[in-house]
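# Understanding the architecture of this molecule
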Amino acid sequence: DLTQFAWGLVNDTYKMDLILIYPPYMIALACIYIASVLKDKDTTSWFEELRVDMNIVKNISMEILDFYDTYKIDPQRGLPEDKISPVLNKLAAKS
């Protein structure tokens, strides 16, 4: 489920310094963006309605995925390692 996956990502961001750099709503949007890319859901129009800077959302998304890649988070609690590379590639393709 997209919501549960995004919520798990949000919980993991508390282990990062992102909460000191970006406002909570931007981190939440980045988590929704990652989850939607991974689950192949088109959220483009939804993000356009919000009128957020997608460059910032994508940058935060990349930082979150870099965290998973660097620290190899336990697959039971976060993004499985075999999912990190495909998501990074999908995000890079959408940039």
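Below or above, wherever it landed, is the structure these notes cover. (Residues numbered from 1 in each chain as written. Predicted model: local features only at pLDDT ≥ 70, side-chain atom pairs only at ≥ 80, totals over all residues. Heavy atoms only, no water.)

### What to know about the packing of aromatic side chains
Quick note on the threshold: Here a pair means two rings of Phe, Tyr or Trp (six-membered ring of Trp) with centres within 6.5 Å. Their orientation is stacked below 30 degrees between planes, edge-to-face above 60, and tilted elsewhere. Secondary structure elements follow DSSP: runs of H or I no shorter than four residues count as helices, runs of E no shorter than two count as strands, and numbering proceeds from the N terminus. Classification of residues uses two cut-offs on accessible area relative to the type maximum, computed with a 1.4 Å probe and protein chains only: under 20% is buried, over 50% is exposed, and between them is partly exposed. Think of it as a cone above the ring: NZ of Lys or CZ of Arg counts as a charge over the ring if it is within 6 Å of the ring centre and within 35 degrees of the ring normal.
Applying the stated criterion across every chain, the model contains 3 aromatic pairs. Judged by centre distance (5.9 Å) and plane angle (80°), the rings of Tyr33 and Phe47 are edge-to-face. Remark: Phe47 occurs in helix α4 (residues 44-50) and Tyr33 occurs in helix α3 (residues 24-38); sequence separation between them is 14 residues. Owing to a relative accessible area of 5%, Tyr33 belongs among the buried residues under this scheme. Above the ring of Phe5, the side-chain terminus of Lys39 is found at 5.6 Å from the ring centroid.

### Here we look at the pattern of salt bridges
For clarity, the threshold we go by: Between Lys or Arg on one side and Asp or Glu on the other, a salt bridge is scored when a side-chain nitrogen of the former is within 4 Å of a carboxyl oxygen of the latter.
For the structure shown, the criterion picks out 1 salt bridge. In this structure, Lys15 engages Asp12 in a salt bridge whose closest nitrogen and oxygen atoms are separated by 3.5 Å. Residue class for Lys15 comes out partly exposed when judged on its relative accessible area of 41%.

### Side note on the layout of surface pockets
Using the following cut-off: We place a 1 Å grid over just the protein atoms. Points where a 1.4 Å probe fits but has no way out form a cavity, open points with protein on both sides within 12 Å along at least 5 of 7 lines form a pocket, and any residue with an atom within 4 Å of a point lines it. Grid points are joined across faces, edges and corners, and a volume is the space filled by probe spheres set on the points.
Quantified by volume, the largest pocket comes out at close to 280 Å³. If you go around the largest pocket, you meet 16 residues; those closest to its centre are Ala6, Trp7, Val10, Ala28 and Ile32. Elements with a contribution of two residues or more to the lining of the largest pocket: α1 (2-12) and α3. No other element matches α1, which puts 5 residues into the lining of the largest pocket.

### Re unusual backbone geometry
Unusually for a residue other than glycine, Asp40 sits at a positive phi of about 55°. When you line up the elements, Asp40 lands in the loop between α3 and α4. Even without glycine at this site, Arg51 takes up a positive phi of about 55°. Assignment of secondary structure puts Arg51 in the loop between α4 and α5 (54-71).

### Observations concerning the packing of α1 against α3
Applicable threshold: Between N-to-C directions, angles span 0 to 180 degrees; the directions come from axes that are lines fitted to C-alpha atoms, helices contributing only their stretch in contact. An angle counts as roughly parallel when it lies under 35 degrees, as roughly antiparallel when it exceeds 145, as roughly perpendicular when it falls between 65 and 115, and as oblique in every other case. With the far helix as reference, a near helix turned anticlockwise by less than a right angle produces a left-handed crossing, and one turned clockwise produces a right-handed crossing. Contacts are assigned to residue pairs with any non-hydrogen atoms lying within 4.5 Å of each other. Residues were grouped as follows: Ala, Val, Leu, Ile, Met, Phe, Trp, Tyr, Cys and Pro as nonpolar; Asp, Glu, Lys and Arg as charged; and all remaining residues, including Gly, as polar.
Across the interface, α1 lies against α3 with an axial gap of 8 Å and an inter-helix angle of 135°. Considering the angle they form, α1 stands oblique to α3. At the point where α1 passes α3, the crossing takes the right-handed sense. Residues Leu2, Phe5, Ala6, Leu9 and Val10 of α1 touch α3, and the partners they reach there are Ala28, Cys31, Ile32, Ile34, Ala35, Ser36 and Leu38. Residue composition of the contact of α1 with α3, grouped by class: 11 nonpolar, 1 polar and no charged.

### Description of the environment of Val37
Its location among the elements puts Val37 in helix α3. Taking the C-alpha atoms as reference points, Val37 and Pro86, 49 residues apart in sequence, are found 9.8 Å from one another.

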